Amino acid sequence: MSKELTLATLLAPWLDISTDESANVVVERLELDSRKVTQGTTFVAIKGHAVDGRRFINSAIELGANAIIAEACELHPHGKVERSSGVSIVYLDQLAQHLSALASLLYPLSDNKLIGVTGTNGKTTITQIMAQWLDLIGHKAAVMGTTGNGFLADLQPAANTTGNAIEIQQTLHQLQQQGAQYTALEVSSHGLVQGRVKTLPFEVGVFSNLSRDHLDYHGTMEEYAEAKFSLFDQHTCKTAVINIDDQVGASWVKRLDSAIAVSLNPTDHPRAVWAESVSYSEAGISLVIDGLFGRGEFTIALIGEFNASNVLLALTALLALGVDKQQLLDTASSLKPVLGRMELFTASDKAKVVVDYAHTPDALEKALKALRVHCHGKLWGIFGCGGDRDTGKRPMMAAIGEELADKVILTDDNPRSESPAAIVEDMLKGMNEPELAIVEHNRFDALKYALAHSGEQDIILLAGKGHEDYQVMADKTIHYSDRESAQQLLESSL
């Protein structure tokens, strides 16, 4: 925090409490979780999606909160100020929608350029490739998203892809204080709908693609798409970078006059970056590009068509920020694959194992198609579906596995409170020959089986968990990592 902020100053955009005795309370830290309140914290009590924070006002006061900012209601209208145990409780209308703005006053940003990346798949790869690239040419860059928050060499775990509005602003402010010149954020549809990034000043917004996901929350694909689109039309976003190889993206550039279109194919869009040619090999992907920022060529050590798209989107976003093109092209060969994203594990005389986060039908399809190009033997697919989530994608995932892999093993992927057997049963309904699928609920044993029954020319895709190091069961969360399994089993004699 750059200067002392009083409660009256913090709330001034919505409410005048300058004559109240709480006006001069110094706000040093805002907290949504009453359990994290310590002496001098200002507790923010909102009516959340699952929990009403106002139920914990007394708990927060007992833990030392110096003031409470609470969501107004009929009993406690906007502007009302109450006292409890000597602590002021100030009520505001639509408090949940104002969190981002509140947090921006306490944790201001100035020198940290923000890049928001949204889409169903590719967010982690795009953000981390951008951060790597910026680091390679001498800038200090951070990321916030699925695999953690911070600088790539020291990522701190994150509970959600997009944290709450206060956490986001606080983290960005801290990163700025630690020298971050750029921060690339994964922006989830939940985060957009719930206003968690509402007041962030994005220099560039990137859209990767849209496919079935989170319908348990959004209801329809149309609502899901509009949630993503809100990054560009309802948030501060100076420049939009849109993948027009995606059908939804192609329609969006027609709604966004100044957007930069990105494609793996030549396009006549007036503001575009495209690939004149793309070639794939064991060494990676080589691209020749042209368009808005001129011609260039480079090679990256990643695999798969979707990664060609991800890298082209990352490159375009950095060029839109004014980063030197030649420096980017010169350092491209030093970019490394992202943790748990098409990450290759090998050992002599054994099949290759690729660990990937693919947990949607579209991502699984793209991963298997990408590996087919590199596979000279049989292609194996090991994957499952999450419990307590969109059940409609289960048969779709299995159908894609059956169509694109030579061997399919169905396994568990965070079954949560659902029966693992019931989840697999749902998946098997999507297969024409379900009797050919191997079912092994234990992921470690599933990979062990595949390695024992595969040849050295085979490739095994272990999909769904990527970087994750846990498995969520009905009554507990256990430590489990696909990456560790791959390393351990490839190093052993089986």
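Residues numbered from 1 in each chain as written. Predicted model: local features only at pLDDT ≥ 70, side-chain atom pairs only at ≥ 80, totals over all residues. Heavy atoms only, no water.

## Details of the overall build of the chain
The line we're drawing: Going along the chain from the N terminus, every DSSP run of H or I of four or more residues is numbered as a helix, and every run of E of two or more is numbered as a strand. Two things to know: the radius of gyration comes from C-alpha atoms, and the globule rule equals 2.2 Å times the number of residues to the power 0.38. Contact between two residues is taken to exist if any of their heavy atoms lie within 4.5 Å; hydrogens are not considered.
What the chain contains, in helices and strands, is 16 helices and 23 strands. In terms of C-alpha radius of gyration, the chain reaches 24 Å, essentially the compact-globule figure of 23 Å for 494 residues. Here the C-alpha coordinates of the chain stretch approximately 75 × 55 × 40 Å along the principal axes. Taking the contacts inside the chain whose residues are at least 6 apart along the sequence as the reference set, 64% of them involve residues at least 24 apart.

## Topic: the UniProt feature "binding site: ATP" (unreviewed entry) in the chain
Our working definition: UniProt positions are given in the numbering used here, feature names are shortened, and annotations may be inferred rather than shown by experiment. Relative accessibility under 20% of the residue-type maximum defines a buried residue, over 50% an exposed one, and the middle range a partly exposed one, all with a 1.4 Å probe and only protein chains included.
The residues that UniProt annotates with the feature "binding site: ATP" (unreviewed entry) are Gly 119, Thr 120, Asn 121, Gly 122, Lys 123, Thr 124 and Thr 125. Here Thr 120 shows up in the loop between strand S6 (113–118) and helix H4 (123–136). For Thr 120, a relative accessible area of 7% translates into the label buried. Residue placement: Lys 123 occurs in helix H4. Residue Lys 123 is classed as buried on the basis of its relative accessible area of 11%.

## Observations regarding the packing of aromatic side chains
This is how the line gets drawn: Aromatic rings from Phe, Tyr and Trp, taking only the six-membered ring of Trp, are treated as a pair when their centres fall within 6.5 Å; an angle between ring planes under 30 degrees marks them as stacked, one over 60 as edge-to-face, and anything in between as tilted. Should the NZ of a Lys or the CZ of an Arg lie within 6 Å of a ring centre and within 35 degrees of the ring normal, that charge is described as sitting over the ring.
This model, assessed by the stated rule, comprises five aromatic pairs. Between Trp 133 and Phe 298 the ring centres are 6.0 Å apart and the planes differ by 65°, which places this aromatic pair in the edge-to-face class. Within this pair, whereas Trp 133 is found in helix H4, its partner Phe 298 is found in strand S15 (residues 296–300), the two being separated by 165 residues in sequence. Residue Trp 133 is classed as buried on the basis of its relative accessible area of 0%. What makes Phe 298 buried here is its relative accessible area of 5%. Through successive ring pairs, a cluster of aromatic residues spans Phe 207, Phe 229, Phe 232 and Trp 252. Over the ring of Phe 151 we find Lys 140, and its NZ or CZ is 4.7 Å from the ring centre. The cationic tip of Arg 255 hangs over the ring face of Phe 229; the distance from NZ or CZ to the ring centre is 3.8 Å.

## Quick notes on the sheet that holds strand S17 (residues 352–356)
In any sheet, the strands associate via hydrogen bonds between backbone groups, in a parallel or an antiparallel arrangement. In plain terms, the rule: Two strands are said to pair when DSSP picks up at least two bridges between them.
Read from one edge of the open sheet, six strands run S16-S17-S21-S18-S19-S20, paired in mixed fashion. Every other strand in the sheet has two partners, leaving strand S16 (343–345) and strand S20 (438–439) as the edge strands with one partner each. The sheet contact formed by S16 and S17 spans three bridges and is antiparallel. The residue of S17 that forms the bridge with Phe 345 is Val 353.

## Remarks on the side chain of Arg 196
Quick reminder of the rule: Charged residues are defined narrowly, with Lys and Arg counted positive, Asp and Glu counted negative, and His plus the chain ends left uncounted. Salt bridge, as used here: a side-chain nitrogen of Lys or Arg that lies within 4 Å of a carboxyl oxygen of Asp or Glu.
Tracing the backbone shows Arg 196 in the loop between helix H6 (189–193) and strand S10 (202–207). For Arg 196, which is buried and forms no salt bridge, the nearest opposite charge comes from Glu 167, at a distance of 7.4 Å.

## A look at the sheet that holds strand S2 (residues 42–45)
Operational definition: Interaxial angles span 0 to 180 degrees and are taken between N-to-C directions of axes, which are lines fitted to C-alpha atoms, for helices over the stretch in contact.
Read across the sheet, five strands follow the order S1-S2-S3-S5-S4 without closing on themselves; strand pairing throughout is mixed. Each edge of the sheet is formed by a strand with only one pairing partner; in this case those strands are strand S1 (30–31) and strand S4 (81–84). Here S4 pairs with strand S5 (residues 87–92) via four bridges, running antiparallel. Among the inter-strand pairings, Val 81 is bridged to a residue of S5, identified as Val 90. In the packing of helix H3 (residues 95–106) onto the sheet, contacts are made with S1, S2, strand S3 (67–71) and S5, and the angle to S3 comes to roughly 145°.

## Overview of the domain arrangement of the chain
What counts here: Each domain span listed reflects an automatic or database assignment of domains.
One can read the domain layout of the chain as domain 1 (7–104), domain 2 (107–334) and domain 3 (343–490). Placing the centre of domain 1 and that of domain 3 at their C-alpha centroids yields a distance of 46 Å.

## Concerning the pairing of strand S19 (residues 407–410)
In plain terms, the rule: The definition of a right-handed crossover adopted here requires that, viewed with the strands pointing away, the path from the first strand over the helix to the second runs clockwise.
Pairing of strand S18 (residues 379–383) with S19 involves four bridges; the strand directions are parallel. Looking at the pairing, Trp 380 lines up with Lys 407 of S19. Each parallel crossover has a hand, and for S18 linked through helix H13 (residues 393–404) to S19 it is right-handed. As paired elements, S19 and S20 share two bridges and run parallel to each other.

## Some details on helix H16 (residues 482–491)
This is how the line gets drawn: By construction, the arc corresponds to the directions joining the helix axis to the C-beta atoms.
Every buried residue of H16 is accounted for by Asp 482, Arg 483, Ser 485, Ala 486, Leu 489 and Leu 490. The arc that holds every buried residue of H16, seen down its axis, measures 160°, which confines them to one face. Next to the buried residues of H16 lie S16, S17, helix H15 (443–452) and strand S21 (459–463).

## Some points on the side chain of Ser 309
Secondary-structure assignment places Ser 309 in helix H10 (residues 305–320). You can call Ser 309 buried: its relative accessible area is 11%. Setting aside residues up to four positions removed in sequence, Ser 309 forms contacts with Asn 243 and Leu 264.

## Let's talk about the environment of Leu 134
Checked against the element boundaries, Leu 134 lands in helix H4. The buried category is assigned to Leu 134, whose relative accessible area is 1%. What Leu 134 contacts, discounting residues up to four positions off in sequence, is His 139, Ala 141, Tyr 182, Leu 318 and Val 323.

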